[in-house]
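Secondary and tertiary structure notes
Chain by chain, the residues run as shown.
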Amino acid sequence: MKNGLLMLLLLCACTPKLPHLNNGISRNDRLDYDLPDRKDSSVIPTPLPGTTCVWISGVEYPADYDWRGDILRDDVPAEIFLLCDGKKVFSMPAKPSRKISTEPNKHHFMEDAMFSEYCDTSGTYLLRNGKTLAHFEGQWSLAGLLVRDGKVHSLWRSQRGKEIMLAEDDSVAMTRSAATAIGSLTGAPFWPTGALYESKERICFGYIHEESGFHVVRDLNDEQVWQDADTERIFDVRVVDGKTTAIYSRKSGGIFVRHGASETCISGLTEAKCIGLKDIMLFENGGRPWLMCRYRLNDALEYFSVWDEDHMVAMQLYQGHTYIDRGQVTLLSQSRTGGLCFMGPDGSMVDIDTRSYWFSWRCACVHKGRHYICLTPREKGKPSIWVDGDITELPVNGFVTGIYVVDY
């Protein structure tokens with residue numbers, strides 16, 4: 001741990017401008033951003049098998065409008081757009097009458113469709129490609145979204161109390177009161193479908209009940225998570241490789257991961273060594289339980305680390321997000337200069353831009369060793385896409401909300 005921390009501090013002190021993580025981009029990966037005439041279409045084209053497409057979602061405003069004052073105004077014309085390899089292939093007007101919001105976290109590109117959520121006094125709406133898919137009574141926020149076999153599964157949390165709801169298309173499949181869903185669609189890159197996910201072809205989610213504690217649900221089968229008298233605190237619960245997995249501390253000392261029937265003590269990460277240990281999250285990588293945690297280590301600085309059970313894979317000094325690409329870990333975070341930087345699997349750091357920012361982790365991805373990030377300038381200007389050091393401006397007056405690289 002000490003050696004890893006020393007290396008990290010040395011890296012952060014230097015923060016060198018290193019060569020690209022990959023030696024440029026092939027001709028086929030270069031994007032053409034000459035957009036065709038805008039057309040409001042409810043159909044998103046299906047790419048040809050064997051191709052790789054770069055999808056970019058965002059919000060666009062009239063050319064003469066300064067959107068930075070208030071992105072949630074509903075009296076200014078705006079549209080949600082979708083680019084495929086630089087060409088605008090889909091757009092939908094964002095306005096209350098269409099039940100579509102400009103809020104960055106209210107639309108989600110998934111399974112070649114644009115899903116959006118909207119909530120007002122008339123209830124909660126889930127739309128697919130601008131058309132209403134479901135309408136629910138009450139005010140809900142989307143916590144998880146999963147498409148399987150043509151069915152849209154959604155997990156919702158109430159805005160007016162502790163209650164969760166699971167739905168399939170427009171039908172309610174399950175509700176739980178006095179409950180809080182574990183996870184969210186805005187939580188982390190290794191949870192692309194949020195609090196709702198698949199494991200061994202079963203649809204899963206977890207929740208915390210006010211009286212009975214942690215639960216996991218598999219295909220509507222509700223299971224209370226095991227704990228004994230020595231269990232002090234459960235940090236997170238998730239189904240990994242079809243097995244109920246929990247990370248927790250014991251009153252007798254130590255932090256443990258229980259994966260099915262096996263239990264492992266994480267000797268390198270204990271509350272005795274860490275001050276203010278918090279935010280431990282489980283995720284699956286190659287069928288194994290991995291975890292990401294945020295903690296203070298004997299000083300006022302916060303650290304972020306990724307662990308493969310008892311082995312620390314990566315650590316970063318600044319708040320960021322963890323991306324998994326073919327089992328390799330890449331961290332994207334704020335740099336010391338206030339910009340963004342990547343820390344690759346080999347520990348090398350690459351500064352990106354100090355004049356731009358991003359709205360969420362969905363504005364970046366790692367795909368087959370290539371690093372993609374969509375940047376929105378802090379001052380006036382157009383957003384751009386950064387691909388392993390090559391930057392291309394997008395001819396859009398607005399901001400980008402997500403980038404997705406998909407093999408077909």
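Residues numbered from 1 in each chain as written. Predicted model: local features only at pLDDT ≥ 70, side-chain atom pairs only at ≥ 80, totals over all residues. Heavy atoms only, no water.

A word on the layout of surface pockets. Each pocket or cavity is described by its volume, and for the largest pocket that value is around 1,100 Å³. Residue lining of the largest pocket: 34 residues in total, with Pro189, Trp191, Pro192, Thr193 and Trp361 positioned closest to the centre. Those elements that provide at least two residues to the lining of the largest pocket are β4 (107-110), β8 (140-148), β13 (197-199), β17 (231-240), β21 (275-285), β25 (320-325), β30 (364-367) and β34 (398-407). Top contributing element to the lining of the largest pocket by residue count: β34, with five residues. Here the lining of the largest pocket is composed, by residue class, of 23 nonpolar, four polar and seven charged. Taken as a whole, the second largest pocket holds about 530 Å³ of empty space. Mapped by element, the contributors of at least two residues to the lining of the second largest pocket are β17, β21, β22 (288-296), β25 and β26 (328-334). A total of four residues in the lining of the second largest pocket trace back to one element, the largest contributor, which is β17. The residue inventory of the lining of the second largest pocket, partitioned by class, reads 18 nonpolar, eight polar and four charged. (1 Å grid on protein atoms, 1.4 Å probe; cavity = no way out; pocket = protein on both sides within 12 Å on 5 of 7 lines; lining within 4 Å. Points joined across faces, edges and corners; volume = space filled by probe spheres on them. Helix = DSSP H or I, 4+ residues; strand = E, 2+ residues; numbered from the N terminus. Nonpolar A, V, L, I, M, F, W, Y, C, P; charged D, E, K, R; others polar.)

In the sheet, strand β6 (residues 123-128) pairs with strand β7 (residues 131-136) via five bridges, with the strands oriented antiparallel. Directly across from Tyr125, in β7, lies its bridge partner His135. Joining the antiparallel neighbours β6 and β7 is a turn of two residues, in which Asn129 adopts a positive phi near 55°. (Pairing = 2+ DSSP bridges.)

In this section: the sheet that holds strand β9 (residues 151-158). Taken together, four strands build an open sheet; the order of strands is β8-β9-β10-β11 and the sheet is antiparallel. Unpaired on one side and paired on the other, β8 and β11 (171-177) mark the two borders of the sheet. Pairwise comparison of adjacent strand axes, ignoring direction, gives a mean angle of 15° for this sheet. With six bridges connecting them, strand β10 (residues 163-168) and β11 associate as antiparallel partners. Pairing of Leu166 across the sheet is with Met174, part of β11. (Axes fitted to C-alpha atoms, helices over the stretch in contact; angles between N-to-C directions.)

This part takes up the pattern of salt bridges. In this structure the tally under the stated criterion is 18 salt bridges. Salt-bridge contacts for Lys88 lead to Glu79; the nearest nitrogen and oxygen are separated by 3.0 Å. The two residues Lys88 and Glu79 agree in class, both being buried. The salt bridge involving Asp230 is made with Arg250; its shortest N-O contact spans 3.6 Å. In this pair, Asp230 is assigned in the loop between β16 (221-224) and β17 and Arg250 in strand β18 (residues 243-250), connecting sequence segments 20 residues apart. Members of the salt-bridge network, linked through shared partners, are Asp228, Asp230, Arg250, Arg258 and Glu263. (Salt bridge = Lys/Arg side-chain N within 4 Å of Asp/Glu carboxyl O. Buried < 20%, exposed > 50% of the residue type's maximum accessible area, 1.4 Å probe, protein only.)

Attention shifts here to the pairing of β6. Taken across its six residues, β6 has five buried, putting it largely inside the fold. Of the pairings in the sheet, the one linking strand β5 (residues 113-120) to β6 comprises six bridges and is antiparallel in character. Among the inter-strand pairings, Phe115 is bridged to a residue of β6, identified as Arg128. From the end of β5 to the start of β6, which pair antiparallel, there are two residues.

As a further point, take empty space enclosed by the protein. Applying the stated criterion across every chain yields a total of two cavities of 30 Å³ or more. The computed volume of the largest cavity comes to approximately 50 Å³. Lining the largest cavity are Pro104, Asn105, His107, His108, Leu185, Thr186, Ser360, Arg362, Thr401 and Tyr404. Those elements giving two or more residues to the lining of the largest cavity turn out to be β4 and β34. Residue composition of the lining of the largest cavity, by class: three nonpolar, six polar and one charged.

Counted under the stated rule, the structure contains 13 aromatic pairs. With centroids separated by 6.3 Å and ring planes inclined at 70°, the aromatic side chains of Trp226 and Tyr248 adopt a geometry described as edge-to-face. Here Tyr248 lies in strand β18 and Trp226 lies in the loop between β16 and β17, a separation of 22 residues in the sequence. When the centroid spacing of 6.2 Å and the interplanar angle of 20° are considered together, the rings of Tyr248 and Phe256 count as stacked. Judged by its relative accessible area of 12%, Phe256 falls in the buried class. Members of the aromatic cluster, joined through ring pairs, are Tyr61, Tyr65, Trp67 and Phe399. The residue whose ring lies beneath Arg238 is Tyr197, and the NZ or CZ to ring-centre distance is 3.7 Å. It is Arg250 that lies over the ring of Phe256; its NZ or CZ is 5.3 Å from the centre. (Phe/Tyr/Trp six-rings, centres within 6.5 Å; stacked < 30°, edge-to-face > 60°. Lys NZ or Arg CZ within 6 Å of the ring centre and 35° of its normal.)

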